[in-house]
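Coordinates in review
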Amino acid sequence: MSNRVTVTLTVNGSEHEIEVEPRRLLVHALRDDLGLTGTHVGCDTSSCGACTVHLDGLAVKSCTILAAQAEGAQITTIEGLGGEHSLHPLQEAFWNEHGLQCGYCTPGMIMAAAALLEENPHPSEAEVRRALDGNLCRCTGYHNIVRAVQSAAQAQAPVAS
Amino acid sequence: MSATTERHVGQPLRRKEDPRLITGKARYIDDIALPGTLWAAFVRSPEAHARIVSIDAGAARARPGVHAVYTGADMADIGGPLPLAWAPPGVQVNNPPHWPLARASVKHVGDPVAVVIGDDRYAVVDAAEDVVVEYDPLPVVTDPEQALAGAPFVHPELGTNQVHQWTLAGGELEAGFAEAEVTIERRVVNHRIAGAPIEPRGVLADYRAGTITLYSSTQVPHFVRLFVALLLGTSEEKVRVIAPEVGGGFGSKLQIYGEEIVACWASRRLGRPVKWVETRSENMAVTHQGRDQIATVRMGARRDGKITAYHVQIVADLGAYNMLLTPLIPSLGAFVMGGCYRIPAVRTDITGVFTNKCPTDAIRGAGRPEATHMIEVMMDQMARELGIDRLELRRRNFIPKEDFPAAVATGVVYDSGDYHASLDKLLEHVDLDAFRQEQARLREQGVHRGIGFSTYTEICGLAPSRITGPAGVGVGAGLWESALVRVHNTGAVTVYTGTSPHGQGLETAFAQIVADRLGVDPSVVEVIHGDTGTGPEGRGTYGSRSLANGGEAIVKATDKVVAKAAKIVAAELEAAPEDIVVRDGKFSVKGSPDKGMTLAEIAGVAYIGAVPEGMEPGLEETTFNDPENFVFPFGAHACIVDVDVATGKVDVVRYVAVDDCGNPVNPLLIAGQIHGGIAYGIGQALYEHVVYDDDGQLVTGSFVNYALPTAAELPSFELDHTVTPSPVNALGVKGVGEAGTIAATPAVTNAVVDALEPLGVHYINMPLTPMRVWRAIEEAQAR
């Protein structure tokens, strides 16, 4: 596999041109080529969701898409969602509600939750649980993750009372 | 030095760990890059049992970018096989060699045969495909009971598949059964599960000029250092092991793995860093698994409900090899086999068996979930047999709180407990009469709802060395824990712990403990862990030991710092050291709160000013804490399920847990551990099952067919607690990492039986998958 393709990606607002093997997974392009290691890999089968990023506004599992398929796309990773001094409401909520333990699933979980709240700003508990069923967590039992998503929803766009 | 006023301990502080984790700035093993790193990929056996006829690595070596292909024969210079460190005491254990790369034969699917090392993470996987291994398949055994009966043998040279036999007995068993008016027997199967942390394992070995630095996703960096040194024939101080951010372990990273040894060995051989990151498929095949016990359980009782004798005979499927603790794991359950009940005679007989499957070892709870499942299921079975309410039967047999510390038949002493209180509290949340009415009403509508209970205790806080070391039950694991507390020039504090947390939040809990005692804010207390190159020798994180041992070590080291600081303050303020108290962020003189010094001012004296005559400068202290006993958390859980009798599908409707882990340090962290623990138990009870077919092929080799529970399957959990401090440590704490898992499986199982009782299903074994539940209903209806 010596042939390479040139791929142009806009990641967290910055444009990058990378030369990769056609088979290179987007997640490896993000992690190993661009140094954005906040996106994780937890399985080989698109089951765990640790690699979830936003691609043109949709939550996708970056282990299930080739870097080449993302040509021209706008990608947001956990690093682009919010930083140390500019936490996204979901990051803040995961912190406040103890929505993480080992933290490995957390970036993917937060990215999936962010996509949910874009689509449905005030999800019920059942809607949160259904929306996150493609993201596995082994530590929290999901209890505080669900709390965090609902609390972020409240913080982001309070329901008019 | 008087007691300090507590301010942070007991508070639900949000975690110090989280800012790096929620922003994607944490560094797990695969996030670490060193210059010149080579990648490793393993060639693994597709056969469950075979002789290796030949290995042809020519094509792989010829690929561009491949630096080396090594086999077991190339590693002939290592100091020995992978270790079995803690064996059950006083018995012979068959322990055939287990090499980092197989020599001559393979014993289970995934056994590593060769390693390919090259420039690129994708290219080494291609090259591994090019290594041609010729296997001569040998007969396979996967059923532990068949394996005990005779050939085929996993290790033919032994002439048996039996690993060992071990018994723990106390009280007069025969007399107990003779006294019994009712004796019941059940076959209790506790099936095999995977640890399945979401971060798989990984290693990065960096040999340079005589020293090795190994980054490994491990729970036990100090043990890994010891065995890397021994197996590589180097000296311990030449090896530094760093556990970076670790993405969960659940016991599966309490191990010395062959990949750790291979990476270090190859890095030394090639003079380049070598990195390997496990795929999930590898994780499911070769990272040690848990449980897998078949038990014949006999319980005897008088008609009045008094349990008189309890006998458990376990066949433990240990898989193909002994790993670090493999044959010891079932023994850990034996110490609490009688649960929270006063049973005069308890005996556990364990037979370990080799099969052509992945080895088993510690997985969350390690022996205690199995023991708790048995006793709690048996209590329900006995209650039905006796016609006594199942909670009433429990109450009649609870060890009363007046009896603590309570010596039990198995020979251990439970530190503290109040089992009636936790059950009482549980019933404040669960209105049983209302539930029975609702249940009856739902049954008329065709909905089969059931409730199950589990009143549990467990043994954890692994230490003390007097019992775990050679002089006690002699498992050869002298367990204690260390701490170094260092106050810097400015009054900021760094704490080094020998524990190795990987998600538990101990950086926060430990900082809370230190902050209160030193009168500083937790934000200026940094906790360093998981690095053998800093801080004292340590023992790692597992067995719910880190707070009770590691936290207590920090208490002791901090108190030594406080004592020294008090002497400095006393000298500066011309007071007596015993009159110095820590209050409102100051070390002040009792009775004159305006006279005092902050920790920063004291540190200034200790490092820059003049310490009192005869005192060494500096302000740091080290402790090795060796407690007098284990700790025994306990509680009462209730689970309510709906069973769809047409499909056999079980849904958890409600889960209520009352737990007692002693004094709370951080309620947020405790709740998180219990939530996760319960989910782990529900996962085992309803969904998870590692399955091998008769040929030893792994059927559940990925997350596609190994069913971890998702958010959609689980309910929110309702938690409450009682507080019964442990007398064995100054904090009064008990472990909480495993309690939820230990309690949950029998609560779920008993609930399913309760739901199906009208259909004639009185007993069922896990996993309670739709097919198994449906079959149980069909069989009961056909009777």
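The structure presented is a predicted model; accordingly, all values stated were derived computationally and were not measured. (Residues numbered from 1 in each chain as written. Chains lettered and ligands numbered in written order. Predicted model: local features only at pLDDT ≥ 70, side-chain atom pairs only at ≥ 80, totals over all residues. Heavy atoms only, no water.)

1. Here's the deal with the interface of chain B and chain A
How we decide: For this analysis, residues touch if any pair of their heavy atoms sits within 4.5 Å. The quantity reported as buried area is the accessible area (1.4 Å probe) lost by two parts once they are put together, taken as the sum for both. A pair is scored as a salt bridge if a Lys or Arg side-chain nitrogen falls within 4 Å of a carboxyl oxygen belonging to Asp or Glu. Polar contact is the term for a pair of N or O atoms within 3.5 Å; when the atoms are in protein, one must be able to donate a hydrogen and the other to accept it, and sequence-neighboring residues count only if both atoms are side-chain atoms. Secondary structure is summarised from DSSP: a helix means a run of H or I of at least four residues, a strand means a run of E of at least two, and numbering begins at the N terminus for each. Ten residue types, Ala, Val, Leu, Ile, Met, Phe, Trp, Tyr, Cys and Pro, are classed as nonpolar, four, Asp, Glu, Lys and Arg, as charged, and the remainder, Gly among them, as polar.
Listed by partner, the interface residues are 55 residues for chain B and 54 residues for chain A. Overall, the association of chain B and chain A removes approximately 4300 Å² of surface from exposure, summing both partners, and the carbon and sulfur fraction of that is 56%. Together, Ile22, Tyr122 and Ile198 of chain B form the three largest contributors to the area buried by chain B at its contact with chain A, with a combined 18%. The interface formed by chain B and chain A includes six salt bridges. Counting across the interface, chain B meets chain A through 31 residue pairs in polar contact (both at pLDDT 80 or more). For the side of chain B that touches chain A, the secondary-structure elements that each account for two or more residues are helix H1 (18-22), helix H3 (121-129), helix H8 (280-286) and helix H18 (667-687) of chain B. The element contributing the most residues to the side of chain B that touches chain A is H18 of chain B, with eight residues. Of the residues contributing to the side of chain B that touches chain A, the split by class is 27 nonpolar, 16 polar and 12 charged.

2. Details of the layout of surface pockets
This is how it is decided: A cavity here means a set of 1 Å grid points, computed over protein atoms only, where a 1.4 Å probe fits but cannot escape. A pocket is an open set with protein on both sides within 12 Å along at least 5 of 7 lines, and lining residues have an atom within 4 Å of a point. Grid points are joined across faces, edges and corners, and a volume is the space filled by probe spheres set on the points.
In this structure, the largest pocket spans a volume of roughly 1100 Å³. What lines the largest pocket is a set of 43 residues, among which Asp44 of chain A together with Val125, Val277, Thr279 and Glu282 of chain B lie closest to the centre. Going through the elements one at a time, helix H1 (26-33) of chain A together with strand E1 (38-44), H3, strand E12 (274-277) and H8 of chain B are the ones with two or more residues in the lining of the largest pocket. The greatest single-element share of the lining of the largest pocket, amounting to seven residues, is contributed by H3 of chain B. A breakdown of the residues in the lining of the largest pocket according to their chemical character gives 24 nonpolar, eight polar and 11 charged.

3. Section: the domain arrangement of chain B
All names here are of chain B. Cut-off, in case you're wondering: The source of the domain bounds is an automatic or database domain assignment.
Taken domain by domain, chain B comprises domain 1 (18-25 + 481-625), domain 2 (32-138 + 203-248 + 253-285) and domain 3 (289-462 + 629-782). Taken over C-alpha atoms, the centre of domain 1 sits 39 Å from the centre of domain 3. At the interface, 17 residues of domain 1 touch 18 residues of domain 3. Both faces considered, domain 1 and domain 3 share a buried interface measuring about 1300 Å² in area, 59% of it formed by carbon and sulfur atoms. Connecting domain 1 to domain 3 are zero salt bridges. At the boundary of domain 1 with domain 3, the tally comes to 11 residue pairs in polar contact (both at pLDDT 80 or more). Here the side of domain 1 that touches domain 3 takes six residues from helix H16 (residues 546-573), the largest share from any one element. Here the side of domain 1 that touches domain 3 is composed, by residue class, of six nonpolar, nine polar and two charged.

4. Quick word on the pattern of salt bridges
Residue and element names in this part refer to chain B. Put simply, the rule reads: For the exposure calls, accessible area comes from a 1.4 Å probe over protein chains only, and a residue counts as buried if that area is under 20% of its type's maximum, exposed if over 50%, partly exposed in between.
Using the criterion set out here, one finds 56 salt bridges over all chains in the structure. With a closest N to O distance of 2.8 Å, Glu145 and Arg187 form a salt bridge. Separated by 42 residues along the polypeptide, Glu145 in helix H4 (residues 144-149) and Arg187 in strand E8 (residues 182-194) bring together distant segments of the chain. For Glu757, the salt bridge goes to Arg384, with nearest N and O atoms at 3.0 Å. Residue Glu757 is located in the loop between helix H19 (739-756) and helix H20 (770-782), and its partner Arg384 is located in helix H10 (residues 368-386); the two are separated by 373 residues in the primary sequence. By relative accessible area, which is 41% here, Arg384 ends up partly exposed.

5. Remarks on the packing of helix H6 (residues 221-232) of chain B against helix H7 (residues 258-270) of chain B
Residue and element names in this part refer to chain B. What counts, and what does not: Only C-alpha atoms enter the line fits that serve as axes; for helices the fit covers just the stretch in contact. Angles between N-to-C directions range over 0 to 180 degrees. Reported orientations rely on four angle classes, namely roughly parallel under 35 degrees, roughly antiparallel over 145, roughly perpendicular from 65 to 115, and oblique for the rest. Rotating anticlockwise by less than a right angle from the far helix to the near helix defines a left-handed crossing, while the corresponding clockwise rotation defines a right-handed one.
Axis separation between H6 and H7 bottoms out at 10 Å; the angle between their running directions is 55°. In terms of their interaxial angle, H6 and H7 are classed as oblique. Relative to H7, the crossing made by H6 is right-handed. Judged by residue contacts, Val224, Phe227, Val228, Leu231 and Leu232 of H6 engage Glu260, Ile261, Cys264, Trp265 and Arg268 from H7. Residue classes in the contact of H6 with H7 are distributed as eight nonpolar, no polar and two charged.

6. Regarding unusual backbone geometry
Cis peptide bonds are those with omega within 30 degrees of zero, and the linkage from Ala151 of chain B to Pro152 of chain B qualifies with 0°. Along the chain, the position of Pro152 of chain B falls in the loop between H4 and strand E7 (162-170). The omega torsion across Ala463 of chain B and Pro464 of chain B is -10°, close enough to zero to call that bond cis. For Asp56 of chain A, which is not a glycine, the phi torsion comes out positive at approximately 50°. A positive phi angle, near 160°, is found at Ala463 of chain B, a position not held by glycine. With respect to the helices, strands and loops of the structure, Ala463 of chain B is situated in the loop between strand E18 (448-457) and helix H14 (465-468).

7. What about the domain arrangement of chain A?
Residue and element names in this part refer to chain A. Domain annotation of chain A identifies domain 1 (5-80) and domain 2 (89-156). Taken together, the contacts link 16 residues of domain 1 with 13 residues of domain 2. The largest contributions to the domain 1 side of the interface with domain 2 come from His40, His54 and Ile78, which together make up 42% of the buried area. Joining domain 1 to domain 2, the criterion identifies zero salt bridges. The tally of links between domain 1 and domain 2 comes to seven residue pairs in polar contact (both at pLDDT 80 or more). Mapped by element, the contributors of at least two residues to the side of domain 1 that touches domain 2 are strand E3 (52-55) and strand E4 (58-61). For the side of domain 1 that touches domain 2, the element with the most residues is E3, which contributes three residues. A class-by-class count of the residues in the side of domain 1 that touches domain 2 yields six nonpolar, nine polar and one charged.

8. Quick word on the state of the cysteines
Cysteine pairs can be linked by a disulfide, which is a covalent bond between their two sulfur atoms. Residues and elements named next belong to chain A. Which entries qualify depends on this criterion: Disulfide: a pair of cysteine sulfur atoms within 2.5 Å of each other.
A complete count under the given rule lists zero disulfides over all chains for this structure. Cysteine Cys43 shares no disulfide, and the gap to the nearest cysteine sulfur, in Cys48, comes to 3.9 Å. On the accessibility criterion, Cys43 (6% relative accessible area) is buried.

9. Comments concerning the sheet that holds strand E5 (residues 74-76) of chain A
Residues and elements named next belong to chain A. Put simply, the test is: Strand pairing requires that DSSP identify at least two bridges connecting the strands.
Within the open sheet, the five strands sit side by side as E2-E1-E5-E3-E4. Their pairing is mixed. Sheet topology places strand E2 (14-20) and E4 at the edges, where each strand pairs with a single neighbour. This sheet shows a mean twist of 40° between the axes of neighbouring strands, independent of strand direction. Across four bridges, E3 lies against E4 in antiparallel orientation. By the bridge assignment, Val53 is partnered in E4 with Val60. Contacts from helix H4 (residues 106-119) reach E3, E4 and E5 within the one sheet, and its direction differs from that of E3 by about 40°.

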